[in-house]
Amino acid sequence: WRFWRGDAAGRAFRALIAEAQSSPVALEALRDGYMAERMKILRAIFDRAAQRGEIDAARAPILAELFAGFWWFRLLNDRIDDDAAIEAMAEALTH
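A brief look at the structure comes next. Per chain, residue numbering runs from 1 following the sequence as it is written. Local features are withheld for residues below a pLDDT of 70 in this predicted model, meaning they are given only at 70 or higher, and side-chain atom pairs are given and counted only at 80 or more; totals for whole chains, interfaces and linings count all residues. Only heavy atoms go into the side-chain values, all of them from the structure, while hydrogens and water stay out.

Before going further, it helps to spend a moment on the packing of aromatic side chains. By convention, a stacked pair of Phe, Tyr or Trp rings (six-membered ring in the case of Trp) has centres within 6.5 Å and planes under 30 degrees apart, an edge-to-face pair has planes over 60 apart, and any other such pair is tilted. Applying the stated criterion across every chain yields a total of five aromatic pairs. With a centroid separation of 6.0 Å and 55 degrees between ring planes, the pair formed by Phe-46 and Phe-67 is classed as tilted. Of this pair, Phe-46 sits in helix H3 (residues 24-51) while Phe-67 is found in helix H4 (residues 60-76), placing the two residues 21 residues apart along the sequence. Using a 1.4 Å probe on the protein chains alone, a residue whose accessible area is under 20% of its type maximum counts as buried, one over 50% counts as exposed, and one in between counts as partly exposed. Of the residues examined, Phe-46 reaches a relative accessible area of 9% and is grouped as buried. Joined through ring pairs, the aromatic side chains of Phe-46, Phe-67, Phe-70 and Trp-71 make up one cluster. Put simply, DSSP marks the helices as runs of H or I at least four residues long and the strands as runs of E at least two long, and each gets a number from the N terminus on.

Structure below.
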């Protein structure tokens, strides 16, 4: 969240998300470009957690999406100043 808090790119990203709600071109760029790459990385993280036995492997894909949704919710509501929330979410996902 430090990136989104302290960099103009964070504000620009929120604007892109908003634009994607009404622009098919922006939606395609967000979904097929940025998000596809980020979800690939996030799924790999969750797959490694499953390999370590920290989460159920069958639930890894949906947990990755849940975590991404948590980030987006916090970003879109300008609630990115609570770093402890990341730890709390990680704890919730693994129990």
